[in-house]
Amino acid sequence: MGDAVPNLWGHQTGVLSEYADAHVDTPDLAIELPTGTGKTVPGLLIADWRRRKLGEQVVYACPTVQLAHQAARAARREGIPAVTLVGGHAGWPLPEVTRYDGAEAIAITNYSSVFNASPKLGRPGSLFFDDAHAAEQFVAEAWSVDISRFRDPGVYAAVVDAMRPALDGMFYHRLNENDPDPRSRPDVRLVVPGRRGLVAELDKALSTATGNLAWRFTMVRAGLSSCLVYVSWGGVLVRPFVPPTFENDPFTAARQRVYLSATLGRGGELERAFGRASITRLELPPEAGTPRNGRRFFIFAGLASDGTDDGEDLARAVVQSAGKALVLAPTVDKAVDTANALNPAEWPVLDKEAVATGLDPFTKAEHAMLALARYDGMDLPDATCRLVILDGKPDAAHLQERYLADQLRARITLEERIRTRVVQGAGRCTRGPADYAVVVVLGDTLTRYLSETGVRTALTADLQAEIAFGRENSRVPAAEVVANVETFLTQGDDWRDNAEPEIARLRRTAITSPLAGTELLGKSVPYEIEACRLAWRGSWSDAAGYAEKAATALSGSDEVRHYRALWLYLAAVWFHAAADAGNPTARAAAEALVTRATTASRGTTWLREVEPADNQLVQISADDTPAVQKIAELLAKGVKRASHEALVTSINEGLAATEAAKFEPALSSLGALLGAEAFKPPGHGRCDSAWCWDERIWLAIEAKSGQDPTKAVPLRDVRQANTQLRQLAADRGLAAPPDGSASVIVSPRGGVDPEAINGAEHHVYLAEPAHLLAIAADTAAAWEELLSQAPGQRADDLQRLVRNVLGRNRVLPTHVLSRLTTTPLNGVAVAPSSNGDDAS
């Protein structure tokens, strides 16, 4: 035990004391110890105390096998009796299993040994979950049938065909293409099989699964009627919204479940991850003092004043200075690609397989790159590694996350999760108060994310100060950045005398506050979990009632309006199920909830896509009516095909050009084909094209197609976009533009000046010229269909045809709005208010 921790830090001692005084019998307890302040040792000490004092079988679970081995090494250093039980249970050494059975040692394992179809750990008296802030993916995985188009082509095809009645024809067609338009590949559709009468078909399709997929299917089969299906070109995910952990005997039978977390948050993220309605928080006591996480020097490589390559050359030079680097990205493939791209001298590039049982291959190498997709749990203290590279925003770990962010527009529900991943990643190489490391941020999405005021103010004061200092000192020539890095790595006088006082000043002025809407997410979580539990068991009326309570708890803030729409809709789905089961009053309640969900979801199109086509409450939107009527009138008067085809050609040529003289007229011509009043407003500094569908939806489009794609969107462009909708309203004698309208900057630039992000109003979005070209292609396809079918149609039938054809091609005004507003400049977009939105 020569390398054991010589003594505990004050905050660790405070946590242990608070636990012993007040929380020995608390059923669900979360202990907060921020990144780098030491969660594992206090967790192991409490676990061993319960084993000795209470004679309990104790399980200490980590997210992965690698982290379980890491925890086992920590236990050995501290002299804590422990056995490591990972992998298939048939390979567990019998002598070690019996030591756990007899409470002679704690069992260190991974999450999947606890959450699986046939856990072999008996009924432990207590369960400890390390890195609980990262648990959602690992817990939900047990009840997730994640089907890859490439690994499981047969099952993928069977499930897609089973879900075909719930998918629109265009989307289904794209799913069956071997090489669809790259812009359509990320699209995700939600299918609620219980609502569409497709549970039996889904069950039959999943029954074709073998191997690990078959095991996953056994976990969800009992509750398949309550599961959701997320369909994309690359894969299908079948899972309940919240994992039904109440089905897991070792988990529910334990006297105590302890969650060791770097952050507890206020939005209910921990409760959703583990399916527990109430978890008591044990935060650091005031007398413990403020733990320090070591010093991080953030480098935003894309902000260098002379950068032209997204910061790769600068990042490569920093790697050379540091000697080795940990590279973290949302996927392993991306991490490996980045490591290879930044490798300065053919250093070995290691992946997760190389460090599956320990970090020695990396830590003992003189020079190496370690490429991983895990943002937490890794201990690389002191000189073992002084550099972590974060490439890309970790915001789509699975299809449910992607759907919530993109289709539902409920990014607020993921913010706590994403922020924690970033914070964890940044702290991999600073594992103690005196440690220090460089953190290089790569990629436009992560750079912009960490530039958002709301994101930064939700961080600790230390991180706020370090990021602010890093942003400012990244806006200099690359050579100066590298020189500053070398000064930091040597911890020279210049750093101590100049940088540290400035970071301390920034820390004193930092104010920490959660994102708006976070408190409401925390209030709704007990109702969400109970609703999902009841739905899993087929108690439809009760499940619907709790879902409605969740929606009520989410009332009062536009930031969570779209998430509230989901819970209103789930309540409707489960009332429909209750009606089918014989409840005579449930159907009327369901229809009323669909109406409320439609109102709350304004600005998105997901509800129209997920509801059956015969539900006129959802399929017909008043926001689309002006376009439908105008296009129907044009068709009734007659459209000359030759003239129309010439117009389509000019639109495509104009939108593919970079010259304003060609691009801007094409914009207005496209808007007219979409049924809008489309024009360039007169006067200096006005938008390049305004699309107005009566007083329902307006789009003010700023065309910047000729900009240099290697540079950032400047503050002046954003300031100009901020005013366009108000100017349109003044032109028309209105006090304000219609709710839900947007200003869109169309630019090839993926990056945005950080100051521009802070200055952007909530209605300003960024889109690429390719997005407009895609809309133009779909519009042309819709018009080709209309020109073929419109002749001879009566007026009512013609409007119905127009609505259906534009809807199938996703070019109704609500679709166009949704397609052009996927990238809000101010990050988490404030959902525009809607008249008459349900507040109950």
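Keep in mind that what you see is a predicted model, and the values were worked out from it rather than measured.

## Considering the overall build of the protein
Looking only at helices and strands, the protein features 37 helices and 22 strands. Scaling as 2.2 N^0.38, a compact globule of 840 residues should have a C-alpha radius of gyration of about 28 Å, and the protein matches this with 28 Å. If you take every contact in the protein between residues at least 6 apart in sequence, the share linking residues at least 24 apart comes to 75%. For the protein, the computed accessible surface area is about 31900 Å², with 50% contributed by carbon and sulfur atoms. Of the side chains in the protein, 88 bear a positive and 105 a negative charge, and the two mean positions are spaced by 3 Å.

## Concerning the nonpolar core
Core analysis: the biggest nonpolar cluster contains 91 residues, and Tyr230, Phe241, Leu390, Tyr563, Trp567, Trp574 and Trp606 have the highest contact counts within it. The element best represented in this core is helix α26 (residues 561-580), accounting for 15 residues. When neighbours within four sequence positions are excluded, Trp574 is seen to be in contact with Ala531, Ala535, Trp540, Ala543, Ala544, Ala547 and Trp567.

## Description of the sheet that holds strand β2 (residues 58-62)
Ordered in space as β3-β4-β2-β5-β10-β1-β11, the seven strands form an open sheet in which the pairing is parallel. Two strands bound the open sheet, and with one partner strand each, they are β3 (82-84) and β11 (280-282). Averaged over all neighbouring strand pairs, the angle between strand axes comes to 25°, with direction disregarded. Bridging between β3 and strand β4 (residues 106-110) involves three bridges; their strand directions are parallel. Within β4, the residue paired with Ala82 across the bridge is Ile106. Packed on one face of the sheet, helix α2 (residues 40-54) meets β1 (28-32), β2, β4, β5 (126-129) and β10 (256-261) and runs near 160° to β2. Across the sheet, helix α4 (residues 94-101) is in contact with β2, β3 and β4; its angle to β3 comes to roughly 135°.

## Some words on the confidence of the model for the protein
Averaged over every residue, the pLDDT of the protein is 90; the share at 70 or more is 94%. This stretch, residues 828-840, has a pLDDT under 50; its non-local contacts, to residues over four places away or in other chains, come to 38 contacts.

## Considerations on the packing of helix α25 (residues 540-553) against α26
Their axes nearest at 8 Å, the elements α25 and α26 cross at an angle of 165°. Relative to α26, the element α25 lies roughly antiparallel. Considering only the axes of α25 and α26, their crossing is left-handed. Listed contacts from α26 to Trp540, Ser541, Ala543, Ala544, Gly545, Ala547, Glu548, Ala550 and Ala551 of α25 are Arg564, Trp567, Leu568, Ala571, Trp574, Phe575, Ala577 and Ala578. Looking at side-chain class alone, the contact of α25 with α26 contains 13 nonpolar, two polar and two charged residues.

## Concerning the sheet that holds strand β18 (residues 677-679)
Adjacent strands of a sheet pair through backbone hydrogen bonds, lying either parallel or antiparallel. The mixed open sheet is built from five strands, whose spatial order is β18-β19-β20-β21-β22. Only two strands of the sheet have a single partner each, and these edge strands are β18 and β22 (764-767). For this sheet, the mean inter-axis angle between neighbouring strands, taken without regard to orientation, is 20°. Note: strand β19 (residues 689-693) against strand β20 (residues 697-703), five bridges, orientation antiparallel. Note that in β20 the partner of Ala690 across the bridge is Ala700. Its contacts with the sheet put helix α32 (residues 660-673) on β18, β19, β20 and β21 (742-746), and the angle it makes with β19 is roughly 5°. Helix α33 (residues 715-731) rests against β18, β19, β20, β21 and β22 of the sheet, and its axis sits at about 145° to β20.

## Some words on the pattern of salt bridges
As enumerated under the stated definition, the model contains 54 salt bridges in all. Two residues, Glu677 and Arg732, come together in a salt bridge whose shortest N-O distance is 2.7 Å. With a gap of 55 residues between them, Glu677 in strand β18 and Arg732 in the loop between α33 and β21 connect regions that are remote in the sequence. The class of Arg732 is partly exposed, set by a relative accessible area of 27%. Measuring nitrogen to oxygen at the nearest pair gives 2.2 Å for the salt bridge that ties Arg808 to Glu785. With Arg808 in helix α36 (residues 795-808) and Glu785 in helix α35 (residues 769-789), this residue pair connects regions lying 23 residues apart in the sequence. Look at Arg808 and you get partly exposed, because its relative accessible area is 36%. Each of Glu136, Arg239, Glu269, Glu401, Arg417 and Arg421 takes part in one network of salt bridges that share partners.

## Re helix α37 (residues 813-820)
Burial within α37 is extensive, with eight of its eight residues counted as buried. Listed as buried for α37 are Pro813, Thr814, His815, Val816, Leu817, Ser818, Arg819 and Leu820.

## Overview of unusual backbone geometry
With phi around 55°, Glu346 is a residue other than glycine that occupies positive phi space. Relative to the helices and strands, Glu346 resides in the loop between α15 (332-342) and β14 (349-350). Unlike most non-glycine residues, Arg810 shows phi in positive territory, near 60°. Along the chain, the position of Arg810 falls in the loop between α36 and α37.

## Focus: the environment of Ile651
Mapped onto the secondary structure, Ile651 falls in helix α31 (residues 641-656). Placed 125 residues apart in sequence, Ile651 and Ala776 show a C-alpha to C-alpha distance of 7.6 Å. Among residues more than four places away in sequence, those in contact with Ile651 are Ala666, Ser669, Leu670, Leu673 and Ala776.

## Quick look at helix α14 (residues 312-322)
Those residues of α14 that fall on the buried side of the exposure criterion are Leu314, Ala315, Val318 and Val319. Angular distribution of buried residues about the axis of α14 spans 140°; they occupy a single face of the element. Trailing α14 by a residue or two, Gly323 shows a phi angle of about 95°, which is positive.

## Details of the side chain of Arg276
Inspection of the secondary structure puts Arg276 in the loop between α13 (269-274) and β11. Side chain to side chain, Arg276 and Asp28 meet in a polar contact 3.1 Å long. When sequence neighbours within four positions are dropped, the list of residues in contact with Arg276 reads Asp28, Phe251, Thr252, Arg257, Tyr259, Glu271 and Ile529.

## Focus: the environment of Arg561
Considering the arrangement of structural elements, one finds Arg561 in helix α26. C-alpha of Arg561 to C-alpha of Tyr111: the two residues are 450 residues apart in sequence and 33 Å apart in space. A distance of 2.7 Å separates the side chain of Arg561 from the backbone oxygen of Ala600, its partner in a polar contact.

## A look at empty space enclosed by the protein
The tally for this structure, following the rule as stated, stands at nine cavities of 30 Å³ or more. As a volume, the second largest cavity reaches approximately 140 Å³. Lining the second largest cavity are 15 residues, with Phe241, Arg272, Gln400, Arg417 and Tyr563 positioned closest to its centre. Those elements that place two or more of their residues in the lining of the second largest cavity are α13, α17 (399-407) and α18 (412-426). Tallying contributions element by element places α18 first for the lining of the second largest cavity, with three residues. Residues of the lining of the second largest cavity, tallied by class, amount to seven nonpolar, three polar and five charged.

Conventions adopted
Residues numbered from 1 in each chain as written. Predicted model: local features only at pLDDT ≥ 70, side-chain atom pairs only at ≥ 80, totals over all residues. Heavy atoms only, no water. Helix = DSSP H or I, 4+ residues; strand = E, 2+ residues; numbered from the N terminus. Rg over C-alpha atoms; globule rule 2.2 N^0.38 Å. Contact = heavy atoms within 4.5 Å. Areas by Shrake-Rupley, 256 points an atom, 1.4 Å probe, with all protein chains shown as cover. Lys, Arg positive; Asp, Glu negative; His and termini not counted. Charge placed at Lys NZ, Arg CZ, Asp CG, Glu CD. Core = buried A, V, L, I, M, F, W, Y, C linked by side-chain atoms within 4.5 Å. Buried < 20%, exposed > 50% of the residue type's maximum accessible area, 1.4 Å probe, protein only. Pairing = 2+ DSSP bridges. Axes fitted to C-alpha atoms, helices over the stretch in contact; angles between N-to-C directions. pLDDT = per-residue confidence, 0-100. Parallel < 35°, antiparallel > 145°, perpendicular 65-115°, else oblique. Left-handed = near helix turned anticlockwise from the far one by under 90°. Nonpolar A, V, L, I, M, F, W, Y, C, P; charged D, E, K, R; others polar. Salt bridge = Lys/Arg side-chain N within 4 Å of Asp/Glu carboxyl O. Arc of directions from axis to C-beta. Polar contact = N/O pair within 3.5 Å; in protein donor to acceptor, adjacent residues only side chain to side chain. 1 Å grid on protein atoms, 1.4 Å probe; cavity = no way out; pocket = protein on both sides within 12 Å on 5 of 7 lines; lining within 4 Å. Points joined across faces, edges and corners; volume = space filled by probe spheres on them.

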